[in-house]
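Each chain is listed here by its residues.
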Amino acid sequence: MYLGLDLGTSGVKALLIDAGQGVIGSGHGTLDVSRPHPGWSEQDPLHWIRACQDAIAELKASHPGQFAAVKGIGLSGQMHGATLLDAADQVLRPCILWNDTRSHVEAAALDADPRFRALTGNIVFPGFTAPKLAWVKNNEPAVFAKVAKVLLPKDFLRLWLTGEHISEMSDAAGTSWLDVGKRRWSADLLAATSLDESHMPALVEGTAKAGGLRAELASQWGIAAGIPVAGGAGDNAASACGMGTVGAGHAFVSLGTSGVLFAANASYLPNPASAVHTFCHALPNTWHQMGVILSATDSLNWLSEITGKGAGELTSELRETLKAPTGVSFLPYLSGERTPHNDSAIRGSFTGLAHESGRVVLTQAVLEGVAFAFRDSLEALKTAGTILTRVTAIGGGSRSRYWLKAIATALQVPVDIPADGDFGAAFGAARLGLIAATGADPLAVCTAPKTDATIEPDAALGNAYADAYHRYRALYPAIRAVTA
């Protein structure tokens, strides 16, 4: 048996799989986010341990015999969080999370240093780890002076599990301190935030052993001491391992609250100018790129609140036959946009409204607007040298066949729908635990799920969608010019 632990923002998931990668069961522990000031987002790292204990207790209670056979553990987690420890490994302050924006001034200052984009392949976003440390130095100098180690959230769990300060490439790539092409810490970038390599955890690949389970926890859980804990992965890379999105050209489109177009790469292909994330993957000698949309299903949920109709009701009114764009366009920038604009000030809009623009027309425009936002990410990936020939759809929004048809036609690539199953970050983490424990070939383990159906682009509407996308592209600079 192999255990995957996924530390999310709202909870910890523990997933148990067997040697054939069959899912045995799962357990959960809940987490809350503290927001003491506007733009702040924090968690107490000790709460992660409590939630992890809760998740494991639930899993063990429901599957005691199988849990006792655990031979490897993999970790996945929310990225970018700044977990600050003193020389005795005591937490110095609440962890500053990925969606905390307090360090926007420091992020802009670091991004103005050309070394950061050159070495990391990414814009320095306020959510990344390095600007958070710059903020702590500027605003909490007494805390900064005591910092002995900076850990990412899942790696704080590893410290508890193993007693080791270790991270891996995919998560470290989101700090703004990693030389992403060479897969090692950059002394220059660390020095730019008054730190050095002694403040960082050691680095391994996500498939490698990164410590063994402490005897105290092993005894408590009734499993063997010293079993391998894999390097693991940041949440999106772990999900990609769960989906089998690990080979060059493999990609998925995630229709969740936010949207992600994720592509695996066999080489390092940065494109920071288009706000594409270029990170190390969890597998050796592999990288990945992500285009990020801040409001994907969030846009439909917003319309749902306005109209008083459930999201499923709204999409069902469109039925399943794809319609030509009506001339009404929607920009899904309800909370700004990441790829390709890196613009936190831009806001959404409807244009082309007329007397006959009823609820169904607005729903259609919202679905098309999100599809065109994915097209923006696709074009940004193309600029970086990544060509996609098909994508797999995951996330809650992928239940709408109409939406998937719109995305396939906007991207002009087929969209595969996987067969039912749990292919998320906890499953990917469990796969990495299996690889670290057995030495299995990562590509043989991280296979794609069976395809239940494939949505092809609608050839008859290709030109109409192309014209609507050109209108969509023209709207951003026009709206930006009148956005405060």
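In short, a report on the structure. Computed from a predicted model, the values in this text were never measured in an experiment.

Right, let's get into helix H11 (residues 235-243). Taking burial as the measure, the 9 residues of H11 include 7 buried ones, the bulk of the element. Taken together, the buried positions of H11 are Ala237, Ala238, Ser239, Ala240, Cys241, Gly242 and Met243. Positive phi appears at Gly244, one or two residues downstream of H11, with a value of about 75°.

What follows concerns the packing of aromatic side chains. If you walk through the whole model with that rule in mind, you get 15 aromatic pairs. Centroid distance Trp40 to Trp135: 5.4 Å. Interplanar angle 85°. Geometry classified as edge-to-face. Of this pair, Trp40 sits in the loop between strand S3 (23-30) and strand S4 (42-43) while Trp135 sits in helix H5 (residues 129-139), and the two are 95 residues apart along the sequence. Here the aromatic rings of Trp160 and Trp221 are separated by 5.8 Å at their centres, their planes lie at 75°, and the arrangement is edge-to-face. Of this pair, Trp160 sits in helix H7 (residues 153-162) while Trp221 is found in helix H10 (residues 215-221), placing the two residues 61 residues apart along the sequence. Each member of the pair, Trp160 together with Trp221, is buried. Linked through ring pairs, Phe372, Tyr465, Tyr469 and Tyr472 together constitute an aromatic cluster. The ring of Trp40 has Arg102 lying over it, and the distance from NZ or CZ to the ring centre is 3.5 Å. Sitting over the face of the ring of Trp135, Arg102 holds its NZ or CZ atom 4.7 Å from the ring centroid.

The rules we used
Counting restarts for each chain, with residues numbered from 1 along the sequence as it is written. Only residues with pLDDT of at least 70 get local features here, since the model is predicted, and only at 80 or more are side-chain atom pairs given and counted; chain-wide, interface and lining totals rely on the full set of residues. The basis for every side-chain value is the complete set of heavy atoms in the structure, and neither hydrogens nor water enter the calculation. Summary of the burial criterion: residues with accessible area below 20% of their type's maximum are buried, those above 50% are exposed, and those between are partly exposed, where the area comes from a 1.4 Å probe applied to protein chains only. Helix numbers and strand numbers start at the N terminus; a helix is a DSSP run of H or I with at least 4 residues, a strand a run of E with at least 2. Here is the rule: rings of Phe, Tyr and Trp (six-membered ring for Trp) pair when centre to centre is within 6.5 Å. Planes less than 30 degrees apart are stacked, more than 60 are edge-to-face, and the remainder are tilted. In this scheme, Lys NZ or Arg CZ marks a charge over a ring once it lies within 6 Å of the ring centre and within 35 degrees of the ring normal.

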